[in-house]
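Spelled out from the first residue to the last, the chains are:
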Amino acid sequence: MRSSVAASSRSSQAPSQPASAALLTRLAEKKKEFEAVDALQHASALFLKRLEGLADDCEVMADAGVVHGQVLAQWPQMFRTLDMFLAAREAAAMAAEGAERDANTSYLPPGGRLVRVPLDELQQAEQK
């Protein structure tokens with residue numbers, strides 16, 4: 001029995017060397033394939049992060065566009081308000097000229113006085 005066991009173990013070892021070489025080659029190919037897939041996943045993750053950053057930037061730009069649109073929509077109302085103010089100012093100036101002639105007093109029309117707003121003090125107060 002020993003001779004048959006020895007013969008069978010020799011016969012099983014002899015073909016296993018070429019088979020193991022083929023397995024090692026296939027294992028090396030699978031390792032390369034795994035590394036390539038891993039590199040692809042890493043590159044895909046970086047690409048996804050960049051796309052998400054672009055999406056966030058686009059959302060910020062869209063919000064800014066909405067704000068710009070709201071500001072631009074207010075300009076006609078602002079011009080109407082300025083026109084009313086200038087008309088009232090001119091009317092007050094004409095009335096003041098007439099009153100000045102009558103009473104010889106100095107009169108400032110509405111909006112004729114400049115006011116200084118202390119921004120530095122306000123900003124310091126807000127920071128505290």
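This is a predicted model, so every value here is computed, not measured.

A.B. asks: Before we go on, may I ask you to explain the overall build of the protein chain in this structure?
C.D. replies: Secondary structure summary: the protein chain contains 2 helices and 0 strands in total. The proportion of buried residues among the 128 residues of the protein chain is 2%. Of the roughly 11,800 Å² that the protein chain leaves accessible, carbon and sulfur atoms contribute 62%.

A.B. asks: How should I be thinking about the packing of aromatic side chains in this particular structure?
C.D. replies: The relative placement of two aromatic rings is captured by the distance of their centres and the angle of their planes. Here the structure, examined in full by the defined rule, presents 1 aromatic pair. Relative to Phe-79, the ring of Trp-75 has its centre 5.5 Å away and its plane inclined at 35°; by these criteria the two rings are tilted. Of this pair, Trp-75 and Phe-79 both sit in helix α1 (residues 2-103), 4 residues apart, which is roughly one turn of that helix. Under the relative-accessibility criterion, Trp-75 is labelled partly exposed at 35%.

A.B. asks: Please explain the pattern of salt bridges as it appears in this structure.
C.D. replies: It is possible for side chains of opposite charge to pair when their charged atoms get near one another. For the structure shown, the criterion picks out 1 salt bridge. A salt bridge links Glu-33 to Lys-30, with the nearest nitrogen and oxygen atoms 3.7 Å apart. Here Glu-33 and its partner Lys-30 are both found in helix α1, 3 residues apart, which amounts to about one turn of the helix. Glu-33 sits in the partly exposed class, given a relative accessible area of 45%.

A.B. asks: What is the right way to read a nonpolar patch on the surface from this model?
C.D. replies: Where nonpolar side chains cluster on the molecular surface, the patch consists of Val-67, Val-71, Leu-72, Trp-75, Met-78, Phe-79 and Leu-82 and spans about 650 Å² of accessible area. Relative to the helices and strands, Leu-82 resides in helix α1. Residue classification places Leu-82 among the partly exposed residues on the basis of a relative accessible area of 40%.

Rules used throughout
- Starting from 1, residues in each chain are numbered consecutively following that chain's sequence as written.
- Totals for whole chains, interfaces and linings use all residues, but because this is a predicted model, local features are given only for residues with pLDDT of at least 70 and pairs of side-chain atoms are given and counted only at 80 or more.
- Heavy atoms from the whole structure form the basis of all side-chain values; hydrogens and water molecules are not counted.
- Numbered from the N terminus, helices here are DSSP runs of H or I no shorter than four residues, and strands are runs of E no shorter than two.
- Under the scheme applied here, a residue whose accessible area is under 20% of the maximum for its type counts as buried, over 50% as exposed, and between as partly exposed, the area being computed with a 1.4 Å probe on protein chains only.
- Throughout, the Shrake-Rupley method with a 1.4 Å probe supplies accessible areas, and for residues the shown protein chains are the sole cover considered.
- Stacked, tilted and edge-to-face pairs are distinguished by plane angle, under 30 degrees for stacked and over 60 for edge-to-face with tilted covering the rest, among Phe, Tyr and Trp rings (Trp via its six-membered ring) whose centres lie within 6.5 Å.
- The salt bridge definition used is simple: a Lys or Arg side-chain nitrogen within 4 Å of an Asp or Glu carboxyl oxygen.
- A residue counts toward a patch only above 30% relative accessible area and without a salt bridge, and it is joined to like-charged neighbours within 9 Å or, for Val, Leu, Ile, Met, Phe, Trp and Tyr, to nonpolar neighbours within 5 Å.

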